[in-house]
Amino acid sequence: GESVGLHLPTLSVQEGDNSIINCAYSNSASDYFIWYKQESGKGPQFIIDIRSNMDKRQGQRVTVLLNKTVKHLSLQIAATQPGDSAVYFCAKSPNTGFQKLVFGTGTRLLVSP
Amino acid sequence: GAVVSQHPSWVICKSGTSVKIECRSLDFQATTMFWYRQFPKQSLMLMATSNEGSKATYEQGVEKDKFLINHASLTLSTLTVTSAHPEDSSFYICSAYPPRDGGKTQYFGPGTRLLVL
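How each quantity is defined
Residues numbered from 1 in each chain as written. Chains lettered and ligands numbered in written order. Predicted model: local features only at pLDDT ≥ 70, side-chain atom pairs only at ≥ 80, totals over all residues. Heavy atoms only, no water. Contact = heavy atoms within 4.5 Å. Buried area = accessible area lost by both parts, 1.4 Å probe. Salt bridge = Lys/Arg side-chain N within 4 Å of Asp/Glu carboxyl O. Helix = DSSP H or I, 4+ residues; strand = E, 2+ residues; numbered from the N terminus. Nonpolar A, V, L, I, M, F, W, Y, C, P; charged D, E, K, R; others polar. Buried < 20%, exposed > 50% of the residue type's maximum accessible area, 1.4 Å probe, protein only. Pairing = 2+ DSSP bridges.

Asks: What am I meant to see in the interface of chain B and chain A here?
Replies: Listed per partner, the contact involves 25 residues of chain B and 25 residues of chain A. Of the roughly 1800 Å² buried between chain B and chain A, counting both surfaces, carbon and sulfur atoms make up 56%. Its largest share of buried area at the contact with chain A, chain B owes to B:Tyr97, B:Lys104 and B:Phe108, together 32% of the area lost on that side. For the pair chain B and chain A, the interface holds one salt bridge. For the side of chain B that touches chain A, the secondary-structure elements that each account for two or more residues are strand 4 (32–38), strand 9 (90–96) and strand 10 (107–108) of chain B. With four residues, the top contributor of residues to the side of chain B that touches chain A is strand 4 of chain B. Partitioning the side of chain B that touches chain A into residue classes produces twelve nonpolar, nine polar and four charged.

Following this line, the structure appears as C-alpha cells:
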C-alpha cells in the first residue's frame, strides 16, 4: 500500500544552521507532495508543495527537493530560527483533486539558540 | 489565504456526555472537509471525509455511530463525539480544500483539544 515515512523522528540544530528534513514514499502514483509545519497545540500549516513533474521548488528560506528515482522528498530550511521549531510532516495527494492526504510520521525540529 | 476555523478550541466534558466540534471555512466554500484525530507525538489519523449534502465517508476502524458528522452547508461541518469516554480524549483537527487550485492543497483548522473526565 501507499506510505510516506520520515527517516528521523527528531532533528536538533543550532540557530543559523541549515536544516534538512527527509521523507520517503513508496508509491509513485501521486502527483503532489506537500510539507506542513505543526507547532505545539496548533493545526498543521502549509509550507510548500511540489508536483511530481518537478525536481525542486523554492520558497522563502525553504526548498523542497523531489527525487523520483529513489522516491525521496526533502525539505531544506535555510538559516534555521528558533521559530522554526515544530513538527514537520510530509504528505502526498493523489493525482485528482480534493482527495485525502497520506501523511508521514513527522519529524520534530528542535532549534537551539 | 484559505482560513479554516474550529470551535471550541478546547473542551472538557464528563464521561458519557456528547460533545460537538464545529469546523468552518471562512473565506471559501468547501464541499468536502476532513476530520482527523491526533494523539501526542503522533501523526494525524484521518477519521472521515465530510461531504456536503450527503453522508460522510468513514475510515476503517472509525465508528460512525460514535463520531457523527454533519456537513449541512458549504462552510460548516460538525463532528459530534457521542457518549464520550476518556479514551476519546485527543486533538481533533479538520481541514478543507479551497477550490481555487483545483483541490490540491488542504488547509487545516487550529484544532480542538478534547479531554473526557
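Asks: Sorry if this is basic, but what is going on with the pairing of strand 9 of chain B here?
Replies: Sheet faces and side chains relate simply in a regular strand, where the side chains alternate between the two faces. All names here are of chain B. For strand 9, the buried fraction is high: seven of the seven residues fall into the buried class. Sheet analysis places strand 4 next to strand 9, joined by six bridges and oriented antiparallel. The residue bridging Tyr36 from the neighbouring strand is Ile93, located in strand 9.

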